[in-house]
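# Structural features, examined
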Number of protein chains: 2
Amino acid sequence: MCTAHYPGAPPGCNNGSGFLRDRKPRHTKDGCMTQEALSPELEAVVARAAAAAAPLAATTAEHRARALVKIADALEANKAKLVEIALRETGLTEARLSGEVTRTAVQLRLFADTIVDGGYLDARIDHADPDFALGARPDIRRTHIPVGPVINFSASNFPFAFSVMGGDSAAILAAGCPLIVKAHSSHADLSDATAEVAATAITEAGLPEGTFQLIHGREAGVEVLKDPRIKAGSFTGSIRVGRLLADIAANRPAPIPFFGELGSVNPVFVTLDAIAERADEIASGYLTSVSGSAGQLCTKPGFVFIPAGSSLPETVAAKSGDAPEHRLLDPRIASSYDERRTAVLGTAGARAVIEGGIRFDDDGQGWATPTIVAISLDDFRAGREALLEESFGPLSILVEVPEGTDLAALMPEFYEGNLSGTIHLSEAEATGTTENAEQLRALVAALANQVGRVLFNGWSTGVAVTPAQQHGGPWPATTNDSSTSVGTAAITRFLRPVAFQNAPAALLPEALRDDNPLGIRQQLAPAGESQSWGARWR
Amino acid sequence: MCTAHYPGAPPGCNNGSGFLRDRKPRHTKDGCMTQEALSPELEAVVARAAAAAAPLAATTAEHRARALVKIADALEANKAKLVEIALRETGLTEARLSGEVTRTAVQLRLFADTIVDGGYLDARIDHADPDFALGARPDIRRTHIPVGPVINFSASNFPFAFSVMGGDSAAILAAGCPLIVKAHSSHADLSDATAEVAATAITEAGLPEGTFQLIHGREAGVEVLKDPRIKAGSFTGSIRVGRLLADIAANRPAPIPFFGELGSVNPVFVTLDAIAERADEIASGYLTSVSGSAGQLCTKPGFVFIPAGSSLPETVAAKSGDAPEHRLLDPRIASSYDERRTAVLGTAGARAVIEGGIRFDDDGQGWATPTIVAISLDDFRAGREALLEESFGPLSILVEVPEGTDLAALMPEFYEGNLSGTIHLSEAEATGTTENAEQLRALVAALANQVGRVLFNGWSTGVAVTPAQQHGGPWPATTNDSSTSVGTAAITRFLRPVAFQNAPAALLPEALRDDNPLGIRQQLAPAGESQSWGARWR
């Protein structure tokens, strides 16, 4: 099952972060500790990543930026070849795959600018202060350093943007951490081809050997995740597998952070006035969002709460012919979707607004058209056990809510953490001055309390790669809701703060020097300041 | 064992963040889920904290700032009374306890300024961009919101600064999270008295009922940590207990972040030239740092690597009379220290530089004078199993290192993560131009790789409460090395990012509005920018 790509130096003794002080160290006679015996191939992979950590951390931001741009350019230069493999392995459309390569390249280039900008280092300088409120304070300066080797488990549904050189990988390399990618088995050939393109660019850019490696096989991924030389993990996939890996990371002798982006059903709320204003636009946007990529997106709107008696189901039904048949990613996903669809349609009170369907071809691949179901809030409550689970495919449920229902209360009643939550409101309601303004504010607060991104008058699929993006949310949307897996803030996952006290200028990281050779933002706390802390608020 | 203080409203049904979608929900017939049955008293405590979450999150930063300053003022106004109780319960000196109250008040006031400054919100605004590199981009704005109710397990060794209203509590309240403190049993009366002072100030400041509550008993703390309404935990204490609690937090049906500050031995490296320049100053500083608070500090320098044959041990020995006898915190800590001291002194090759000792009074309290041990690097290697464990008390070990030893390699050989690491060097060495400059740079990098704070020519005890402070470090110094438990950055532990997409101004948080009514720092990504991402690095 396990094949390590780009193996190199023979396996050697590398005891990583040293002996465990609070547990019996497991070490061999010559004093070398290893967690558990890795296969020689995996041992070589991890040893190379560990050996790359110090030289990679010592590279300049500009050096890494040039490497990221080189990878981006190389992916685009090889787009035709890569998309061809992806077409065969994923069943996604050429337009989608081609756009995804562009997105992947843009992500890499954005991180190039991000690390040279240096704001992500959150550099802070406290000047020495003889008058400090608690007695003389030394000079203290704080920045962030890479955590060390990281394993990234790639996703099935974004064969480029969340795979070998996707957003997580870009963030890991940008941070200066050696990267081991565990390929997703559903696009193994594409993973190899992408890795080859990236590895060549990385070598040409002069980054250390061991900066980037690809492995295959779930067991191999787990073994690497357990290795004490690995300092963090990232993952995009199902709640089940994400939880399994998060538990492994948390229960290691030396636990490490694990950033899993898992499941989400992305509740949507539509007001009566919004429907009155633009039912057709809402219905079209909804169907496009549900059927795009055959609904195999973690941001697909799974549930839409609409006023009972509204015309929206009919408007949606009228568009039933708009979405073409689409192949699902693989036979396992297809049969699981088939089951979920049958269970949802069989729930008491559920009626098909658009029946849709799924058929299987001779290769066992499933081809689906969208299914839209409507159900009353009461029947939804009664059928929750069957209905609430994520349907990974082009299915979504309209929940018809009686007038006077407390919308904000529906979020905690039905949902745990989600990646996104959406409100469609009218122009008048957007001013915050309508009669229902307080209810809308409560709904916004309820959504913010349980999701990572609150949208207005839009659809949650399509996640812009930008500085302010937040792609995360409370469990089970992620395993770690303090971070994002899309946007520039994603880099913070792979960094660790370090302070330097009374360090001579010659031994300080450049980010913290008074002459600021990197020209980055430095937050200063000048002497004398502490005497007045809090004084204004008395 | 469990007594909940300030219980209030009768226990009610509060299903927190909603049903677990991926597990069988455990709920009663009326649809109300609870994790496990809490005792009525604890149920009331958690229900009150959960009910306070929304109103507390909705308070302004100025409101919370006034409350923090009010708590600080109240603690100082009650200093005499509180210190009197602390003297009896902890055995710490009046000077130390009185200074600790001041420190605690300063921490609270610093957080008052921090939240009004608003930089901690990391507000980001991406303007809508029709020319975005991946197609039109919506308006996206990101800020941070409080995570919800937090339980803080307080420490034994800082009865004020890391206890009921210590740094963690200040950060939790500043962030806008309801706070439940689990009192440390070794100063239960002081905890009650402090809580009373704080609760009165909080009520007077008009923060919601349920903002702050105190509980007693380890079992009660564990039950609360397991409750689904609790969104994060913090802790200062031993590796053993910290790990136990971190595992509970990670293995909940809905895992939550747990920020434990655990054990550390704080290695120190002293060069021959530094000793030649200021042996006396180094010896004095060392003894003061080891013996202060009877060595019961997580930043005590536990190991000092010095050149073999140097005069430092003799200089230290000459000061043996300088440190007075000091009571240890409680009989359990005293007997455990007694055991550790005997084991260290009994290790082959260990010689007492200052023998020191411990005696027990009629109440079973232990009274100690500092013990300084010297040992050669070879004997240290051979005796590592006995020597490396933390000695919580006034004991420290000088390791005599032969010339030519690779100092940077000693860190990974002997240590895991630590809170701090220190280098003492000469004036000439500080310029980075001496013959050993490369070795020193490697040592700095090795320390940065394994500790949260790297010090030069100082001692790690005494942790300034400032914006640039970093009190953390890789496992087992902490359970989560991406954060600090001292300094303003500590607030980030209790916040979660949320993005708003195309939100009408009327429904946006103030931090993200274009007119910036809070006057905080907003990071802008203007339209058009993405076209040139990465272009400079080609």
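Everything that follows concerns the structure shown earlier in this document.
Residues numbered from 1 in each chain as written. Chains lettered and ligands numbered in written order. Predicted model: local features only at pLDDT ≥ 70, side-chain atom pairs only at ≥ 80, totals over all residues. Heavy atoms only, no water.

Residue and element names in this part refer to chain B. Strand order in this open sheet of three strands is β11-β14-β13, and the pairing throughout is antiparallel. The outermost strands of the open sheet, each flanked by one partner alone, are β11 (326-327) and β13 (357-360). Summarising the sheet, β13 and strand β14 (residues 366-369) pair through four bridges and their orientation is antiparallel. Among the inter-strand pairings, Gly357 is bridged to a residue of β14, identified as Thr369. Against the sheet, helix α11 (residues 331-345) engages β13 and β14, with an angle of about 145 degrees to β13. (Pairing = 2+ DSSP bridges. Helix = DSSP H or I, 4+ residues; strand = E, 2+ residues; numbered from the N terminus. Contact = heavy atoms within 4.5 Å. Axes fitted to C-alpha atoms, helices over the stretch in contact; angles between N-to-C directions.)

Its location among the elements puts Ser264(B) in the loop between β8 (258-261) and β9 (268-270). Side-chain polar atoms of Ser264(B) contact the backbone nitrogen of Leu419(B), separated by 2.8 Å. (Polar contact = N/O pair within 3.5 Å; in protein donor to acceptor, adjacent residues only side chain to side chain.)

This part covers helix α3 (residues 79-90) of chain B. Residue and element names in this part refer to chain B. Compared with an ideal rise of 1.5 Å per residue, which puts twelve residues at 16 Å, α3 spans 15 Å between its outermost C-alpha atoms and is within 8% of the ideal. All buried positions along α3 are accounted for by Leu82, Val83, Ile85, Ala86, Glu89 and Thr90. Buried residues in α3, looked at end-on, bunch into an arc of 160 degrees, giving them a common side. Every exposed residue of α3 that faces more than 90 degrees away from the buried side is listed here: Ala80, Glu84 and Arg88. Packing partners of the buried residues in α3 comprise α2 (61-77), α4 (94-117), α6 (188-204) and β11. One or two residues past the end of α3 sits Gly91, with phi positive at roughly 75 degrees. (Expected span 1.5 Å × (residues − 1). Buried < 20%, exposed > 50% of the residue type's maximum accessible area, 1.4 Å probe, protein only. Arc of directions from axis to C-beta.)

On to the sheet that holds strand β17 (residues 418-424) of chain A. The mixed open sheet is built from eleven strands, whose spatial order is β12(A)-β15(A)-β16(A)-β10(A)-β9(A)-β17(A)-β18(A)-β19(B)-β3(B)-β2(B)-β20(B). Each edge of the open sheet is held by one strand with a lone partner, namely β12 (351-354) of chain A together with β20 (522-525) of chain B. Neighbouring strand axes in the sheet, compared pairwise and without regard to direction, differ in orientation by 25 degrees on average. Note: strand β2 (residues 123-126) of chain B against strand β3 (residues 140-146) of chain B, three bridges, orientation antiparallel. Within β3(B), the position partnered with Ile125(B) by the bridge is Arg141(B). The strands touched by helix α16 (residues 437-450) of chain A are β9 (268-270), β17 and β18 (451-456) of chain A together with β3 and β19 (495-501) of chain B; relative to β18(A), the strand with the most contacts, the crossing angle is about 145 degrees.

A separate point is the pairing of strand β4 (residues 150-153) of chain A. All names here are of chain A. Burial of β4 is two-sided: the residues Val150 and Asn152 facing one way and the residues Ile151 and Phe153 facing the other way are all buried. In the sheet, β4 pairs with strand β5 (residues 179-182) via four bridges, with the strands oriented parallel. When the bridges of β5 are listed, Phe153 appears paired with Lys182. With helix α5 (residues 167-175) bridging β4 and its parallel neighbour β5, the resulting β-α-β unit is right-handed. Relative to strand β7 (residues 232-236), β4 is paired through four bridges, and the arrangement is parallel. Paired with Ile151 across the strands is Gly233, a residue of β7. (Right-handed = clockwise from strand over helix to strand, strands pointing away.)

All right, on to the pattern of salt bridges then. One pass over the structure, following the stated rule, counts 52 salt bridges over all chains. Here Arg351(A) makes a salt bridge to Glu400(A), at a shortest N to O gap of 3.0 Å. Of this pair, Arg351(A) sits in strand β12 while Glu400(A) sits in strand β16 (residues 395-401), and the two are 49 residues apart along the sequence. By relative accessible area, which is 12% here, Glu400(A) ends up buried. Among the charged side chains, a salt-bridge network with shared partners connects Asp73(A), Glu76(A), Arg109(A) and Arg538(B). (Salt bridge = Lys/Arg side-chain N within 4 Å of Asp/Glu carboxyl O.)

Across its twelve residues, helix α8 (residues 239-250) of chain A extends 16 Å between first and last C-alpha, which sits within 8% of the 16 Å expected from 1.5 Å per residue. The element α8(A) is extensively covered by neighbouring structure, given that nine of its twelve residues are classed as buried. Within α8(A) the residues assigned to the buried category are Ile239(A), Val241(A), Gly242(A), Arg243(A), Leu245(A), Ala246(A), Ile248(A), Ala249(A) and Ala250(A). In the core, the buried residues of α8(A) are packed alongside β4, α7 (218-226), β7 and β8 (258-261) of chain A together with α8 (239-251) of chain B.

Glancing now at the interface of chain B and chain A. Taken together, the 112 residues of chain B in the interface contact 112 residues of chain A. In total, about 9100 Å² of surface goes out of reach between chain B and chain A, with carbon and sulfur atoms giving 55% of it. Inspection of the chain B/chain A interface yields six salt bridges. Between Asp113(B) and Arg536(A) there is a salt bridge whose closest N-O contact spans 3.7 Å. (Buried area = accessible area lost by both parts, 1.4 Å probe.)

Note on the identical chains: chain B maps onto chain A by a rotation of 180 degrees and an axial translation of 0.0 Å, with an RMSD of 0.0 Å. Here the two chains are linked by the operation of a two-fold rotation axis. By C-alpha distance to the rotation axis, the residue of chain B lying nearest is Ala250(B), at 3.2 Å. (Least-squares fit on C-alpha atoms with pLDDT ≥ 70 in both.)

Moving on: the packing of helix α4 (residues 94-117) of chain A against α5(A). Residue and element names in this part refer to chain A. Contact geometry for α4 and α5: axes closest at 9 Å, N-to-C directions at 25 degrees. As the angle between them shows, α4 and α5 are arranged roughly parallel. Like other packed secondary-structure pairs, α4 and α5 cross with a definite hand, here right-handed. Counted together, Gln107, Leu108, Phe111 and Ile115 of α4 and Gly167, Ala170, Ala171 and Ala174 of α5 form the full contact between these two elements. Of the residues belonging to the contact of α4 with α5, the class tally is six nonpolar, two polar and no charged. (Parallel < 35°, antiparallel > 145°, perpendicular 65-115°, else oblique. Left-handed = near helix turned anticlockwise from the far one by under 90°. Nonpolar A, V, L, I, M, F, W, Y, C, P; charged D, E, K, R; others polar.)

Honestly, it's all geometry; don't read function into it.
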